[in-house]
Amino acid sequence: MRAHPAEGQLQALLDCELPATREILVRAHLRGCATCRARIDAARETTTMVGSLIRRSAPAVERESAWQRFVVLSGGRAESQARGLRR
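Residues numbered from 1 in each chain as written. Predicted model: local features only at pLDDT ≥ 70, side-chain atom pairs only at ≥ 80, totals over all residues. Heavy atoms only, no water.

Visitor: I tried to follow the packing of aromatic side chains on my own but got confused; where do I start?
Guide: Given two aromatic rings, one states the distance between the centres and the angle between the planes to describe the pair. Enumeration over the complete set of coordinates arrives at one aromatic pair. With a centroid separation of 5.6 Å and 40 degrees between ring planes, the pair formed by W67 and F70 is classed as tilted. With a gap of three residues between them, W67 and F70 both fall in helix α4 (residues 63-73), about one helical turn apart. W67 sits in the partly exposed class, given a relative accessible area of 30%. A relative accessible area of 47% means that F70 is categorised as partly exposed. (Phe/Tyr/Trp six-rings, centres within 6.5 Å; stacked < 30°, edge-to-face > 60°. Helix = DSSP H or I, 4+ residues; strand = E, 2+ residues; numbered from the N terminus. Buried < 20%, exposed > 50% of the residue type's maximum accessible area, 1.4 Å probe, protein only.)

Visitor: What should I look at first to understand the pattern of salt bridges in this one?
Guide: Between side chains of opposite charge, a pair can form as their charged atoms come close. Summed over all chains, the structure comprises three salt bridges. Linking E7 and R39 is a salt bridge whose minimum nitrogen-to-oxygen distance equals 2.8 Å. Separated by 32 residues along the polypeptide, E7 in helix α1 (residues 7-14) and R39 in helix α3 (residues 34-57) bring together distant segments of the chain. What makes R39 partly exposed here is its relative accessible area of 21%. Here R44 makes a salt bridge to D41, at a shortest N to O gap of 3.0 Å. Highlighted residues: R44 and D41, both in helix α3, separated by three residues, approximately one helical turn. (Salt bridge = Lys/Arg side-chain N within 4 Å of Asp/Glu carboxyl O.)

And the structure:
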């Protein structure tokens, strides 16, 4: 790979979404390119920070009361379907 990989390719590599042949090419490029290694390190750090912020900002959900609200909103259909699944 002569050209530097695009940001999207680096993110896809981090997300394990690159096709195998493209992953091999990008990883080979990273071995020889300090600039792109710095780019992927920065992307990895950003991904980690965003994930941490999402986990901290997500509201805590009490599962039982959430399920009961869902049953009410479904008009009871959710409860009857769940009973069928438990059998």
